[in-house]
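# A closer look at the structure
Below are the chains, spelled out letter by letter.
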Amino acid sequence: MKIETLLIHGGIDGDEHTGAVSVPIYQTSTYKQATIGEHKGYEYSRTGNPTRDALEKLIAELEGGYAGFAFSSGMAAMTAVLTLFKSGDKVLISSNMYGGTFRVLDKVFTSFDIKYEIVDTNDEQELLKSISKDVRAIIIETPTNPLMDITDIEKVSQIAKEHNLITIVDNTFMTPYLQKPLGLGVDIVVHSATKYLGGHSDLVAGLVVVNSEELSKKIHFIQNATGGILGPFDSWLLIRGIKTLSVRLDRHIENAQSLAEYLGKSAAVAKLYYPGLPDHPGNELHKRQAKGPGAMISFVLEEGYDICRFLRELKYITVGESLGGVESLLTHPATMTHGAIPFELRQKMGIVDRLVRLSVGIENKDDLISDIQSALDKARL
Ligand SMILES: *Cc1c(COP(=O)(O)O)cnc(C)c1O
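The structure displayed is predicted, hence computed values, not measured ones.

Rules used in this analysis
- Residues numbered from 1 in each chain as written.
- Predicted model: local features only at pLDDT ≥ 70, side-chain atom pairs only at ≥ 80, totals over all residues.
- Heavy atoms only, no water.
- Domains from an automatic or database assignment.
- Buried area = accessible area lost by both parts, 1.4 Å probe.
- Salt bridge = Lys/Arg side-chain N within 4 Å of Asp/Glu carboxyl O.
- Polar contact = N/O pair within 3.5 Å; in protein donor to acceptor, adjacent residues only side chain to side chain.
- Helix = DSSP H or I, 4+ residues; strand = E, 2+ residues; numbered from the N terminus.
- Nonpolar A, V, L, I, M, F, W, Y, C, P; charged D, E, K, R; others polar.
- Pairing = 2+ DSSP bridges.
- Axes fitted to C-alpha atoms, helices over the stretch in contact; angles between N-to-C directions.

Moving on to the domain arrangement of the protein chain. Partitioning the protein chain into domains gives domain 1 (3-243) and domain 2 (245-379). Computed from C-alpha atoms alone, the centre-to-centre distance between domain 1 and domain 2 is 26 Å. Summed over both partners, the interface of domain 1 with domain 2 comes to about 3300 Å²; 65% of that surface belongs to carbon and sulfur atoms. The interface formed by domain 1 and domain 2 includes 0 salt bridges. Scanning the region where domain 1 abuts domain 2 turns up 16 residue pairs in polar contact (both at pLDDT 80 or more). At 4 residues, helix H4 (residues 99-108) tops the list of elements feeding residues into the side of domain 1 that touches domain 2. Taken together, the residues of the side of domain 1 that touches domain 2 sort by class into 20 nonpolar, 16 polar and 5 charged.

Below you can see the structure in the form of structure tokens.
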């Protein structure tokens, strides 16, 4: 089955008992047992729920993995994966990854003596040098959030394998429609399904997909033991969102490509980050490992523009956190998504105060361009 079909018919398609084409929402906490130990496969909804099951099977098929797991948020999913590690272990992470992933490592897992180190995962020598005896995993995002750095997934997972480490990819920006890390040797994929997979800014959810029975048993144990599960209604809502992923992303990308070309020519833009542009340093590599550039664009405003005024003057483009919804969203990483990263470190990473990140929606692209144009005109000092 091709992915466009799998998005609609993958996992558990409809309801075999009634013929309903939409998976039922099993809004139940528990299940009747005939007698001791005799049940129909479900005992308690933290452990398993049929609606969540349908979603978990769907994401596993979409990513080409062994099993999938649904959590109440992307951070709950990432946290569940990080609890695979023990005190004394260390993980290597890409520079400028999602601020929340940095925060949970920096402020929560360090108290349990699980350490992290930021490395340029695209610099093979630096990566090799950072692999000390206590390193257990490499966590990457590609493209990174918000600076769109591209990492060679296949190369990193190969290096990881040679050193007995697991590779974890946060695939939120790409989704399996554009990029399938497990096929490139990765062990675990994590998603904030709040973003493109849900796609309508009406849901917070996280997903994990693993490549082996061994990891599947571990993550299932952690999911049930720690309990950060996705509820039945949100599981259903996410299945519903996933059905239209291919048409949404095709339009997201078409719009983003036009906006990036427009911004590239604008005198107001000092620096532009979009992997779909030929002069982006990761353009060739990204094309090899992903089917499309996605629809996230970051840019630095020139000095002669008032950034607060620019944000205030936008009409259709909503200023706020998050990304991946049908509506265009503009974020100020230094104070919003990446506010948890200390100022000096942010500067070093390139997350400067004049940087904005645009999640290009599926509105009419000419409307989006004129919205930006008129806000820039008004923000000129
Ligand atoms: C939003 C986001 C997360 C966190 O997900 P939540 O659903 O907000 O908890 C993790 N990684 C990336 C890349 C994100 O954009």
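Taken together, 7 strands build an open sheet; the order of strands is E1-E7-E6-E5-E4-E2-E3 and the sheet is mixed. Single-partner strands in this sheet number two, and they are strand E1 (67-71) and strand E3 (115-119). Strand-to-strand twist in this sheet, taken as the mean axis angle between neighbours without regard to direction, amounts to 20 degrees. Examined bridge by bridge, strand E4 (residues 135-141) and strand E5 (residues 166-170) share 5 bridges and lie parallel to one another.

This part covers unusual backbone geometry. A negative phi holds for most residues other than glycine; trans holds for most peptide bonds. Note that the residue after Thr142, namely Pro143, is joined by a cis bond; omega there is -5 degrees. Inspection of the secondary structure assignment puts Pro143 in the loop between E4 and helix H6 (153-162). Omega for the bond connecting Asn145 with Pro146 falls within 30 degrees of zero, at 10 degrees, which places this linkage in the cis form. Within the element layout of this structure, Pro146 appears in the loop between E4 and H6. Located in the positive-phi region is Asn164, a residue other than glycine, with phi close to 65 degrees. The residue Asn164 is located in the loop between H6 and E5 in this model.

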